[in-house]
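# Coordinates in review
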Amino acid sequence: MPQRGPLQWVDGEGWLILSGGGDWQRGETDAVTAHILSIANLDRPMVVLLSEGERERGYELLESYTRLGGPGGEVVILEGAQRQRLNEPRLLTAIAEAGILHLGGVRPWILARGLRHTPALAQILKGYGTLQGLLIVGAEGGAAALGAWIAGSGQETTTAPGLGLVRSAIIAPQFTTTEEAAALRAQLRLHPGFVGLGIPRGVALALGPQGQVETWGEGAVTAVVHEEAAES
């Protein structure tokens, strides 16, 4: 299991990319997307899994990748009837062929609950763990879903289990204020020994197969450990 300091994440040949999100239509995520495409196998398509919204929104996201040289691909919305697609052979084949998996939306608990114990998640982990080298991009709620626990909103201290690909972290995307740092510390009091990662819009923390830890975009990731915070 790769580890740097308090960070631990699952073994694999791919990368885990935790993005704070941003408005791709305004170019806020372009710097992060460019880094993703620089290490991706562009001969392979993308799969986009969103927690909520319309498929059109997903295809707009695909177009934002395409504009910077990325591939097209499949879009699945986990809220509502499309969730049943997670068991479809066609989607499992798409994941098996993909070079990039993008998890997004603002409802991380839907992503975590919807994917857990499914053939789709098994295929995602297989692609990430083998020479396929699948890049798993968690953006906004997708980043939060990849952590060990998903924090409650605002000052709520309720947490829900995440997918646990980042084994030791609670991930807070769109992180901007000292108030959010205080809320993250409150979550950590419920889960001692974990680290909180505050990731602003337009910034990503990339975790590589050889233990690489890289910050992409303009800005810093805030690591909150117990009662202390440090920027990286």
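Here the structure is a predicted model, which means the values were calculated and not measured.

## Observations regarding the confidence of the model for the protein
Confidence in the prediction of the protein, expressed as mean pLDDT, is 89, and 93% of residues score 70 or more. Segment residues 228–232 is flagged for pLDDT under 50; beyond a separation of four residues in sequence, or across chains, it makes 15 contacts in the model.

## With respect to the sheet that holds strand β7 (residues 135–139)
The sheet built from seven strands is open, its strands ordered β5-β4-β6-β7-β3-β12-β13 with mixed pairing. Two strands lie at the open edges of the sheet, namely β5 (73–77) and β13 (213–217), each paired on one side alone. Pairs of neighbouring strands in the sheet enclose a mean axial angle of 15 degrees, with direction left out of account. Both strand β3 (residues 16–19) and strand β12 (residues 203–207) contribute to a ladder of four bridges, which runs antiparallel. Its bridge partner lying in β12, L16 is registered against L207. Contacts from helix α2 (residues 55–67) reach β4 (46–50), β5, β6 (100–104) and β7, with the element oriented near 145 degrees to β5.

## Let's talk about unusual backbone geometry
The backbone phi angle of E140 is positive, close to 55 degrees, even though this residue is not glycine. As for its placement among the helices and strands, E140 is situated in the loop between β7 and α6 (141–145). The phi dihedral of Q174 falls on the positive side, at around 50 degrees, and the residue is not glycine. Its place among the elements puts Q174 in the loop between β10 (166–173) and α7 (178–190). Classification of Q174 as partly exposed rests on a relative accessible area of 29%.

## Structural notes on the packing of aromatic side chains
The description of an aromatic ring pair uses the distance of the two centres, along with the angle that the planes make with each other. Inspection of every chain in the model, using the stated rule, returns one aromatic pair. Relative to W216, the ring of W15 lies with its centre 6.1 Å away and its plane at 35 degrees, an arrangement referred to as tilted. Here W15, found in the loop between β2 (7–8) and β3, pairs with W216, found in strand β13; they are 201 residues apart in sequence, far enough to count as distant. In this structure, W15 and W216 share a single accessibility class: buried.

## A short note on the pattern of salt bridges
In total, this model carries six salt bridges according to the counting rule given. Across the pair R201 and E28 runs a salt bridge whose closest N-O atoms are separated by 2.6 Å. Residue R201 is located in the loop between β11 (195–199) and β12, and its partner E28 is located in the loop between β3 and α1 (30–39); the two are separated by 173 residues in the primary sequence. By relative accessible area, R201 is classed as partly exposed at 39%. By relative accessible area, E28 is classed as partly exposed at 33%. Its salt-bridge partner being R107, residue E79 comes within 2.2 Å of it at the nearest N-O pair. In this pair, E79 sits in the loop between β5 and α3 (89–97) while R107 sits in the loop between β6 and α4 (108–115), placing the two residues 28 residues apart along the sequence. Accessibility expressed as a relative area gives 38% for E79, which makes it partly exposed.

## Quick notes on α4
Where burial is concerned, most of α4 is hidden: six out of the eight residues are buried. Taken together, the buried positions of α4 are occupied by P108, I110, L111, A112, G114 and L115. Here the buried face of α4 lies against β4, β6, α5 (119–129), α6, β8 (147–151) and β9 (159–161).

## Examining α7
Here α7 contains 13 residues, and its C-alpha end-to-end distance of 19 Å stays within 8% of the 18 Å for a straight helix at 1.5 Å per residue. Looking only at α7, the buried set comprises A181, A183, L184, A186, Q187 and L188. On its buried side, α7 packs onto β8, β9, β10, β11 and β14 (222–225).

## Details of the environment of I100
The residue I100 is located in strand β6 in this model. If we skip the residues at most four places from it in the chain, I100 touches I36, L37, A40, P45, M46, V47, L134, L135 and V137.

## Structural notes on the environment of A186
Turning to its location among the elements, A186 is positioned in helix α7. Residue A186 is classed as buried on the basis of its relative accessible area of 10%. Sequence separation between A186 and G69 is 117 residues; the distance between their C-alpha atoms is 41 Å.

So, how was this worked out
Residues numbered from 1 in each chain as written. Predicted model: local features only at pLDDT ≥ 70, side-chain atom pairs only at ≥ 80, totals over all residues. Heavy atoms only, no water. pLDDT = per-residue confidence, 0-100. Contact = heavy atoms within 4.5 Å. Pairing = 2+ DSSP bridges. Helix = DSSP H or I, 4+ residues; strand = E, 2+ residues; numbered from the N terminus. Axes fitted to C-alpha atoms, helices over the stretch in contact; angles between N-to-C directions. Buried < 20%, exposed > 50% of the residue type's maximum accessible area, 1.4 Å probe, protein only. Phe/Tyr/Trp six-rings, centres within 6.5 Å; stacked < 30°, edge-to-face > 60°. Salt bridge = Lys/Arg side-chain N within 4 Å of Asp/Glu carboxyl O. Expected span 1.5 Å × (residues − 1).

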